Amino acid sequence: MPLLTIESTCDETAAAVIARSREVLSSVVASQERLHARWRGVVPEVASRAHVERIIPVIDEAVLRAGIERRAIEAVAVAVRPGLVGSLLVGLAAGKAIAAVLGVPIVGYDHILAHLYACRLAHWESFVYPCIGLVASGGHTSLFLLRGPLDAERLGGTIDDAAGEAFDKAASLLGLAYPGGPEIERAAVGGNPGAHRLPRPLAADRDRLDMSFSGLKTALRYLVRPPHGEGDRPAPTGQPLADLAASFQQAAVDSIVTKVELALERTGCHAVAAGGGVAANALLRESLEAIGRRRRMPVFIPPRSLCTDNAAMGAIAWERLERGDYDGDLLDVVPGTDRAAANRP
Ligand code: KG4
Ligand code: ZN
């Protein structure tokens, strides 16, 4: 009997139906990108309200596409941490109501661990633990020593902006649309990644596995609008835009992969799993795969649709349910970033 999973941690409203075998019977994602585009970033209150409108239709659609009756659902799983508090609460309220009506257990799962579980789902036969887990998204950028699906030790990560947030802000500076990651990636095609010397803060610091992206963003800002310049300039276009986007993308990816390599060296791990929206970036994917080839080790990256937020990765909840481990009515959300919420039971 299948599991219904719900994801509403940020700005996608998603639901999926997943068999015990981990086969994804359906996966529905309603993106709010268009709603947030005019603000060039997620507006939490707008996100919560949109989740309220969409959550039930999205769940209904997931059940319909799975070709099952609602009463066939064996349990309900909800991403309860980390994320935006209002967004999280909408998913939890819907999940609790459905579980209560159907008389089935509810189980909360961690959104960050779920991003890493997406790597496992996509590489079911070959996946290995332990490995270095990288989650790079709009809200989080962290490195973990992943010993099992539910056993992750945070080794380091951003000390300021998340990598995806930096892509979003860089896109905004360059006059590009939201979400910024795919826009920068597109704009960078044909650009020279070495055209501008942009900083890779903390990359040279081999004592820590932390990263920083806010200085990179500021450096780009000063390239686009010099501090003592003549005020607002038109957004760059053509080759100058491509060079700026390519230089930014290269610096952001370098900052991440340097620390992935350091994490491999420190832990002696021989595999990497990478998830989150930024793992959809072709340059990051290629750079991680190059590390794999050089070190002769596997690199597990899901297809792009499983990198950005989705509920299929909620399949991780089966790891607890199989052991008869689930939550009760007191299940609550843990808002914030992964720095606050990771490693909590
Ligand atoms: O995982 P996700 O969908 O949501 C969060 O949990 O935050 O990640 C969204 C983030 C956005 O910041 C978006 O700009 C970034 O992932 N992103 C990308 C790409 N696709 C999405 N960043 C770089 N390159 C991409 N192709
Ligand atoms: Zn995410």
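Residues numbered from 1 in each chain as written. Chains lettered and ligands numbered in written order. Predicted model: local features only at pLDDT ≥ 70, side-chain atom pairs only at ≥ 80, totals over all residues. Heavy atoms only, no water.

(A) The arrangement of the packing of aromatic side chains in detail. Throughout the structure, instances matching the rule amount to four aromatic pairs. Here the aromatic rings of F127 and F300 are separated by 4.6 Å at their centres, their planes lie at 40°, and the arrangement is tilted. In this pair, F127 is assigned in the loop between helix 4 (111-122) and strand 6 (131-136) and F300 in strand 10 (residues 299-300), connecting sequence segments 173 residues apart. Taken individually, F127 and F300 each receive the classification buried, so the pair is uniform in this respect. Measuring from centroid to centroid gives 5.2 Å for F167 and F248, while their planes differ by 90°, and the two rings are edge-to-face. Placement of the pair is F167 in helix 5 (residues 163-173) and F248 in helix 8 (residues 238-267), with a sequence separation of 81 residues. With relative accessibility at 2%, the residue F167 sits in the buried group. Through a chain of ring-to-ring contacts, the aromatic side chains of F127, Y129 and F300 assemble into a single cluster. The positively charged end of R120 is found above the aromatic ring belonging to W124, 4.4 Å away from the centroid. (Phe/Tyr/Trp six-rings, centres within 6.5 Å; stacked < 30°, edge-to-face > 60°. Helix = DSSP H or I, 4+ residues; strand = E, 2+ residues; numbered from the N terminus. Buried < 20%, exposed > 50% of the residue type's maximum accessible area, 1.4 Å probe, protein only. Lys NZ or Arg CZ within 6 Å of the ring centre and 35° of its normal.)

(B) Local environment of the sheet that holds strand 10. The strand order 8-7-6-9-10 describes an open sheet built from five strands, whose pairing is mixed. Of all the strands in the sheet, the pair left with one neighbour each is strand 8 (151-157) and strand 10. Taken strand by strand, helix 8 contacts strand 6, strand 7 (141-148), strand 8 and strand 9 (272-275), and its axis lies near 155° from that of strand 6. (Pairing = 2+ DSSP bridges. Contact = heavy atoms within 4.5 Å. Axes fitted to C-alpha atoms, helices over the stretch in contact; angles between N-to-C directions.)

(C) Region of interest: the packing of helix 5 against helix 7 (residues 214-224). Following both chains from N to C, one finds helix 5 and helix 7 inclined at 5°, their axes separated by 10 Å at the closest point. By the angle between their directions, the pair helix 5 and helix 7 is classed as roughly parallel. Contact residues: helix 5 offers K169, A170 and L173, while helix 7 offers K217, L220, R221 and V224. Looking at the contact of helix 5 with helix 7 residue by residue, the class counts come to four nonpolar, no polar and three charged. (Parallel < 35°, antiparallel > 145°, perpendicular 65-115°, else oblique. Nonpolar A, V, L, I, M, F, W, Y, C, P; charged D, E, K, R; others polar.)

(D) Broad picture of the site of ligand 1. Taken together, 22 residues lie around ligand 1, and G138, D168, G181, E185 and D309 are the ones closest in. Measuring from an oxygen atom of ligand 1, one finds a backbone N or O atom of G139 at 3.1 Å. Contacts to ligand 1 include G181, whose backbone N or O atom sits 2.9 Å from an oxygen atom. Those elements giving two or more residues to the shell around ligand 1 turn out to be helix 4, helix 5 and helix 6 (180-187). When grouped by side-chain class, the residues that make up the shell around ligand 1 number six nonpolar, twelve polar and four charged. Residues lining the shell around ligand 1 come from more than one domain, with at least three contributed by each of domain 1 (3-115 + 308-341) and domain 2 (125-301). (Near = heavy atom within 4 Å. Polar contact = N/O pair within 3.5 Å; in protein donor to acceptor, adjacent residues only side chain to side chain. Domains from an automatic or database assignment.)

(E) Region of the structure containing the domain arrangement of the protein. Segmenting the protein into domains produces domain 1 (3-115 + 308-341) and domain 2 (125-301). Distance from the C-alpha centre of domain 1 to the C-alpha centre of domain 2: 27 Å. The interface is formed by 21 residues belonging to domain 1 together with 21 residues belonging to domain 2. Here domain 1 packs against domain 2, burying approximately 1,700 Å² in sum over the two surfaces, 63% of which is carbon and sulfur. Between domain 1 and domain 2 we count zero salt bridges in total. Where the side of domain 1 that touches domain 2 is concerned, the elements lending two or more residues are helix 1 (33-37), helix 4, helix 11 (317-321) and helix 12 (338-341). Of the residues forming the side of domain 1 that touches domain 2, the biggest block, four residues, is contributed by helix 4. Broken down by class, the residue content of the side of domain 1 that touches domain 2 amounts to six nonpolar, seven polar and eight charged. (Buried area = accessible area lost by both parts, 1.4 Å probe. Salt bridge = Lys/Arg side-chain N within 4 Å of Asp/Glu carboxyl O.)

(F) Just the nonpolar core, in detail. Formed by 50 residues in total, the largest nonpolar core has its most connected members in L134, L174, I184, F248, V260 and L288. Elements with a minimum of two residues in this core: strand 6, strand 7, helix 5, helix 6, helix 7, helix 8, strand 9 and helix 9 (282-295). The leading source of residues in this core is helix 8, at 14 residues. In this structure V260 touches L134, L143, V272, L288 and I291, once residues within four positions along its chain are discounted. I18, A79, L121 and A317 belong to the second largest nonpolar core, which has 35 residues in total. (Core = buried A, V, L, I, M, F, W, Y, C linked by side-chain atoms within 4.5 Å.)

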